[in-house]
Structures are given as structure tokens and as C-alpha cells.
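The lines below spell out each chain.
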Amino acid sequence: MPLDSSAIRFAQEHLPRKRYTGPTDGLLNSEMGAALSGRPGIAASWPLARKVIAFIQQRIGLSGRDVDGLWGDQTQTTYDDHLYRLSHGHPPPNTRPEEIELGTRNHWPRQGTRDADLTAYYGAPGTSLVSLTPPFAHYLSWAPTQQVRTIRCHRMVKDSLERVLTKVLRIYGPDEIRRLRLDQYGGCYNDRPMRGGKRRSTHAWGIALDYDPANNQLNWGRDRATLARPEYEPWWRCWEEEGWTSLGRHRNFDWMHVQAAGV
């Protein structure tokens with residue numbers, strides 16, 4: 001991952017004040033190089049960006065071979081956990097798939113291995129569809145200025161979906177929803193096959209929704225998908241308390257997708 005401005009700013013804020021008197025503007029500068037000169041565990045021959053990453057790795061608790069100046073999965077995860085601790089005062093919640101507890105309000109069927117399993121519960125794809133006016137503004141992810149007035153979904157999930165989104169609004173508020181791109185809507189009902197497969201997608205029944213597809217692409221894992229970050233934990237809890245399933249949290253791909261069906 002390239003070194004972004006927020007990580008650079010983190011380094012600037014944590015460099016020893018006696019050695020660094022430069023700005024905290026999220027931009028690499030020569031004063032940072034001078035402050036890091038001679039620091040144990042950071043090679044003098046490394047370029048400035050690599051030195052800064054190594055310093056961040058030290059600050060967030062990595063040591064030994066893990067302080068290599070390269071931003072990989074371990075660094076990203078440890079960095080995210082560190083920021084969560086600073087913000088909340090405690091470690092982030094466990095999001096391992098086997099530890100995720102789904103709510104008992106609804107007992108959605110498992111997706112299973114046959115379309116017939118979903119049809120037996122929800123009926124034929126494309127039937128029993130209704131419209132829901134979302135409790136906070138939604139915008140088309142591919143046309144971010146175009147507001148979505150209604151969500152077309154299956155009648156059996158409508159009330160649950162409304163409860164989820166109402167709770168999201170209460171927890172985050174409109175400004176934070178906008179900042180975190182939770183209003184970037186990728187669709188619900190769409191009678192199509194699974195991407196890369198022949199079976200129908202759960203979208204064909206109107207029981208699945210996609211959010212912020214641009215930053216949570218199909219094959220991205222938790223190292224790249226924004227919805228895997230700690231600040232989205234309450235978002236996922238809102239869904240899971242209603243029994244909805246995140247493919248990202250269970251299978252670490254397609255983080256944009258949440259469905260009213262087990263996997």
C-alpha cells in the first residue's frame with residue numbers, strides 16, 4: 001500500500017519533538033528525514049517513505065523483522081487496531097467469522113447450493129417486491145450526485161432492512177454516514193447470475209444490498225476493503241443483529257455485499 005497522508009501525519013505527530021519541528025500536514029519533508037536519521041532499526045540507505053513506514057511500525061508495536069519499512073497486511077491490521085485503541089480506549093472487537101453472532105430476530109434461509117432453497121422461502125426471483133424509502137439519503141455509487149429515492153427489495157425483508165438503516169442513522173448520524181461513504185448505494189434487486197458463476201445472485205430475490213462498491217471490490221480482502229476497517233464495526237453489527245450476512249466478514253471477499261440469507 002502506498003503511504004497515504006493520514007499515515008504520514010500520524011508519523012509527524014509522533015516523532016520526538018526535540019528532533020522534529022516541522023509541520024503536521026501529511027506531506028513528506030526533509031525535516032522528517034533528519035528526525036529519523038540514525039534511529040535504531042531504520043536503515044540509513046532506505047528512501048524517506050520507507051523510513052517513515054518503519055517508524056510507524058515501531059510506534060504501533062511491531063519489532064524485529066516486522067519493522068521492514070514495507071506496508072503489508074500485518075502493518076495495515078496493526079495500524080488500524082492501534083488507531084481504534086487510541087480512539088475508543090480498548091481493543092477492536094473480534095471479527096473472526098466463527099465468532100460473529102447473528103441476531104435471532106429473523107431466521108433467514110441459507111443460500112445453500114441450489115436456487116431452489118431460496119425459492120422455497122422467498123418465492124420465485126423477482127416476485128413479492130416492494131419499495132422502501134431509506135431513512136437517510138442514498139446515492140448511486142456510479143453517479144454520486146443522483147439520489148436514490150426508494151430501495152426495491154423483497155417484502156419479507158423490508159421491515160428488517162428499515163430497522164437496520166434506522167439504527168445506522170442513529171449510531172453514525174448523517175455527517176459520519178457521508179464521510180464513511182455508507183450512503184454510496186450499489187443496488188438491491190437485480191435479476192442476474194452471480195458474478196463469475198451460473199447460479200442466480202441473491203440480488204435476484206431482492207434480499208441483498210451493495211454499499212460503496214468502488215472501495216470494496218469483489219476480490220478485495222480486508223487489507224484493501226474499507227468496510228473491513230474498525231470504524232465500520234457498528235455498521236456490521238446493525239446488520240448482524242437482524243440476521244443479515246456479510247460475505248466480507250464470513251469469507252473475506254465482496255465486502256460491499258450483505259444479504260438476508262446465510263452462507
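Above this text sits the structure in question.
Thresholds applied
Residues numbered from 1 in each chain as written. Predicted model: local features only at pLDDT ≥ 70, side-chain atom pairs only at ≥ 80, totals over all residues. Heavy atoms only, no water. Helix = DSSP H or I, 4+ residues; strand = E, 2+ residues; numbered from the N terminus. Buried < 20%, exposed > 50% of the residue type's maximum accessible area, 1.4 Å probe, protein only. Contact = heavy atoms within 4.5 Å. Areas by Shrake-Rupley, 256 points an atom, 1.4 Å probe, with all protein chains shown as cover. Lys, Arg positive; Asp, Glu negative; His and termini not counted. Charge placed at Lys NZ, Arg CZ, Asp CG, Glu CD. Salt bridge = Lys/Arg side-chain N within 4 Å of Asp/Glu carboxyl O. Phe/Tyr/Trp six-rings, centres within 6.5 Å; stacked < 30°, edge-to-face > 60°. Lys NZ or Arg CZ within 6 Å of the ring centre and 35° of its normal. Pairing = 2+ DSSP bridges. Polar contact = N/O pair within 3.5 Å; in protein donor to acceptor, adjacent residues only side chain to side chain. Expected span 1.5 Å × (residues − 1). Axes fitted to C-alpha atoms, helices over the stretch in contact; angles between N-to-C directions. Parallel < 35°, antiparallel > 145°, perpendicular 65-115°, else oblique. Left-handed = near helix turned anticlockwise from the far one by under 90°. Nonpolar A, V, L, I, M, F, W, Y, C, P; charged D, E, K, R; others polar.

### Quick notes on the overall build of the chain
Turning to step 1, where the next piece is worked out: Check the secondary structure of the chain and you find eight helices and eight strands.
Turning to step 2, where the next piece is worked out: For the chain, the spread of C-alpha atoms along the three principal axes comes to 70 × 35 × 30 Å.
Turning to step 3, where the next piece is worked out: Expressed as a percentage of its 263 residues, the buried residues of the chain come to 44%.
Turning to step 4, where the next piece is worked out: Taking the intrachain contacts of the chain between residues at least 6 apart in sequence as the baseline, contacts between residues at least 24 apart amount to 55%.
Turning to step 5, where the next piece is worked out: Total accessible area on the chain is roughly 13400 Å²; 48% of this is exposed by carbon and sulfur atoms.
Turning to step 6, where the next piece is worked out: Side chains of the chain give 35 positive and 29 negative charges; the mean places of these two sets differ by 2 Å.

### Focus: the pattern of salt bridges
Turning to step 1, where the next piece is worked out: Counting across every chain of the model gives ten salt bridges.
Turning to step 2, where the next piece is worked out: Salt-bridge contacts for Arg 249 lead to Glu 240; the nearest nitrogen and oxygen are separated by 2.7 Å. Residue Arg 249 shares its accessibility class with Glu 240, and that shared class is buried.
Turning to step 3, where the next piece is worked out: Where salt bridges share partners, they join Glu 233, Arg 237, Glu 240 and Arg 249 into one cluster.

### So, the packing of aromatic side chains
Turning to step 1, where the next piece is worked out: One pass over the structure, following the stated rule, counts twelve aromatic pairs.
Turning to step 2, where the next piece is worked out: For the ring pair Trp 108 and Trp 244, a centre distance of 6.1 Å and an interplane angle of 75° mean the geometry is edge-to-face. Of this pair, Trp 108 sits in the loop between α4 (73-88) and α5 (115-122) while Trp 244 sits in the loop between α7 (233-240) and β7 (245-246), and the two are 136 residues apart along the sequence. As far as the burial class goes, Trp 108 and Trp 244 line up, both buried.
Turning to step 3, where the next piece is worked out: Note on Trp 235 and Trp 236: the rings are 6.1 Å apart at their centroids and 70° apart in plane angle, and the pair reads as edge-to-face.
Turning to step 4, where the next piece is worked out: Given a relative accessible area of 0%, Trp 235 falls into the buried group.
Turning to step 5, where the next piece is worked out: If you follow Arg 178 out to its NZ or CZ, it ends over the ring of Tyr 139, 4.6 Å from the centre.

### Focus on the pairing of strand β5 (residues 184-187)
Turning to step 1, where the next piece is worked out: Two elements, strand β2 (residues 138-140) and β5, share two bridges in a ladder whose sense is parallel. Directly across from Tyr 139, in β5, lies its bridge partner Gln 184.
Turning to step 2, where the next piece is worked out: As paired strands, β5 and strand β6 (residues 208-211) are joined by two bridges and run antiparallel to one another. In the strand pairing of β6, Tyr 185 is matched with Tyr 211.

### Some words on the sheet that holds β2
Turning to step 1, where the next piece is worked out: Across the sheet, six strands lie side by side as β3-β2-β5-β6-β8-β7; this open sheet has mixed pairing. Single-partner strands in this sheet number two, and they are β3 (143-148) and β7.
Turning to step 2, where the next piece is worked out: Here β2 pairs with β3 via three bridges, running antiparallel. Note on β3: the bridge partner recorded for Leu 140 is Ala 143.

### Concerning the side chain of His 154
Turning to step 1, where the next piece is worked out: Along the polypeptide, His 154 turns up in strand β4 (residues 151-154).
Turning to step 2, where the next piece is worked out: The exposure class assigned to His 154 is buried, which follows from its relative accessible area of 1%.
Turning to step 3, where the next piece is worked out: For His 154, the side chain forms a polar contact with the main-chain nitrogen of Met 156, separated by 3.0 Å.
Turning to step 4, where the next piece is worked out: Beyond its immediate sequence surroundings of up to four residues, His 154 is in contact with Tyr 122, Thr 127, Ser 128, Leu 129, Val 130, Trp 205, Gly 206 and Ile 207.

### Here's the deal with helix α3 (residues 48-59)
Turning to step 1, where the next piece is worked out: Under the 1.5 Å per step criterion, the end-to-end length of α3 is 17 Å for twelve residues, consistent within 8% with the ideal 16 Å.
Turning to step 2, where the next piece is worked out: Buried within α3 we find Lys 51, Val 52, Ile 53, Ala 54, Phe 55, Ile 56 and Gln 57.
Turning to step 3, where the next piece is worked out: Downstream of α3 by one or two residues, Gly 61 has phi in the positive range, about 105°.

### A closer look at the packing of helix α1 (residues 5-14) against α3
Turning to step 1, where the next piece is worked out: Relative to each other, α1 and α3 sit at 65°, their axes nearing to 10 Å. In terms of orientation, α1 lies roughly perpendicular with respect to α3. When the axes of α1 and α3 are compared, the crossing they make is left-handed. Mapping the contact onto sequence places Ala 7, Phe 10, Ala 11 and His 14 in α1 and Val 52, Phe 55, Ile 56 and Arg 59 in α3.
Turning to step 2, where the next piece is worked out: Grouping the amino acids of the contact of α1 with α3 by side-chain chemistry returns six nonpolar, one polar and one charged.

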